Amino acid sequence: MFDIQAALLLPQCAHIEERWQRREAISRRYEEAFAKSPGVSFPRVIEGTKSARHLFTIWVDPSRRDAVLAGLQAEGIGVAVNYRSVHLLTYYRERFGYRRGMYPYAERIGDSTVTLPLYPGLTDSQVDAVIAAVRKVTGCSSPR
């Protein structure tokens, strides 16, 4: 780490726990909202462990993932795909000859993952808007 990076990081250290607590609270709201939503699932944090909660991802049907992304973006929700099957990236396909079908679990996750907004500055009303948009776009307009 360079000195300038350390200088930028030091003042932020005092806020690590409070920012984690906010990300945890948002994540728990998402989990509660989508726990019984058909067509939406998400990775679980193992009981007794602590996740950094740096991202909150949901899994949707891979055949609908891009439509879900587009639908959420049309609703004004900033979403992304943060996880892709590494072996299917151009370099690895060309360098090592990897191809679709070799790692089906990685492919399923890569093809179905959508990353939702998760940062400490999200307000409760913004979290509500994300939840409502996911329900609308995935066809689960109300909790079950």
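Use the structure listed above.
Let us look at the structure shown here. (Residues numbered from 1 in each chain as written. Predicted model: local features only at pLDDT ≥ 70, side-chain atom pairs only at ≥ 80, totals over all residues. Heavy atoms only, no water.)

**Overview of the overall build of the chain**
Stated precisely, the cut-off is as follows: In this text, helices come from DSSP runs of H or I with a minimum length of four residues, and strands from runs of E with a minimum of two, each type numbered from the N-terminal end. Note on exposure labels: buried denotes an accessible area under 20% of the residue type's maximum, exposed denotes more than 50%, and partly exposed covers the range between, all computed with a 1.4 Å probe on protein chains only. Here the accessible surface of atoms and residues is derived via Shrake-Rupley with a 1.4 Å probe, and residues count as covered only by protein chains that are part of the display. Charge convention: Lys and Arg are scored as positive, Asp and Glu as negative, and His as well as the terminal groups of each chain are ignored. Here the site of a charge means atom NZ of a Lys, CZ of an Arg, CG of an Asp or CD of a Glu.
On a plain count of helices and strands, the chain comes out with 6 helices and 2 strands. Along its sequence from the N terminus, the chain presents helices and strands in the succession α-α-β-α-α-α-β-α. Reported as C-alpha extents along the three principal axes, the dimensions of the chain are approximately 45 × 45 × 35 Å. Put simply, the chain has 144 residues, and 33% of those count as buried. Here the chain displays about 9300 Å² of accessible surface, and carbon together with sulfur accounts for 55% of that area. The averaged location of the 15 negative side-chain charges in the chain is 5 Å from the averaged location of its 20 positive side-chain charges.

**Observations regarding the nonpolar core**
Where a protein is soluble and globular, its nonpolar side chains tend to be buried together. For the record, the criterion: What makes a nonpolar core is a set of buried Ala, Val, Leu, Ile, Met, Phe, Trp, Tyr and Cys residues whose side-chain atoms join them at distances within 4.5 Å. Any pair of residues with heavy atoms lying within 4.5 Å of one another is described as a contacting pair.
If you look at the biggest cluster of nonpolar residues, it comprises 25 residues, and the most contacted ones within it are Y30, F34, I58, L72, V114, L116 and V134. Elements that contribute at least two residues to this core include exactly α2 (16–34), β1 (56–59), α3 (65–74), β2 (113–116) and α6 (124–138). In terms of residues, this core owes the most to one element, α6, which gives 6 residues. Other than its neighbours up to four places away in sequence, L116 contacts Y30, F34, F56, I58, L72, V79, V130 and V134.

**Details of the pattern of salt bridges**
Here is the rule we go by: Salt bridges, as used here, are contacts in which a Lys or Arg side-chain nitrogen is within 4 Å of a carboxyl oxygen on Asp or Glu.
On inspection of all chains with the given rule, the structure shows 11 salt bridges. With its nearest N and O atoms 3.1 Å apart, the salt bridge here joins E31 to R53. Residue E31 is found in helix α2, and its partner R53 is found in the loop between α2 and β1; the two are separated by 22 residues along the sequence. An identical accessibility class is assigned to E31 and R53; each is buried. Among the ionic pairs, R65 bridges to D66, the shortest N-O distance being 2.9 Å. Taken together, the shared-partner salt bridges in this structure form one network comprising R22, R29, D124 and D128.

**Let's talk about the packing of α3 against α6**
Keep this limit in mind: Geometry is summarised by axes, namely lines fitted to C-alpha atoms with helices restricted to the contacting stretch, and by angles between N-to-C directions that run from 0 to 180 degrees. The scheme is simple: roughly parallel for angles under 35 degrees, roughly antiparallel for over 145, roughly perpendicular for 65 to 115, oblique for anything else. Each crossing gets its handedness from the near helix: less than a right angle anticlockwise from the far helix is left-handed, clockwise is right-handed. When residue character is reported, Ala, Val, Leu, Ile, Met, Phe, Trp, Tyr, Cys and Pro are called nonpolar, Asp, Glu, Lys and Arg charged, and the others, Gly included, polar.
Axis separation between α3 and α6 bottoms out at 9 Å; the angle between their running directions is 135 degrees. It follows from the interaxial angle that α3 and α6 lie oblique. Considering how the two elements wind past one another, α3 and α6 form a crossing that is right-handed. Taken together, the residues of α6 that come into contact with α3 (itself represented by A67, V68, G71 and L72) are A133, V134, V137 and T138. Classifying every residue of the contact of α3 with α6 gives 6 nonpolar, 2 polar and no charged.

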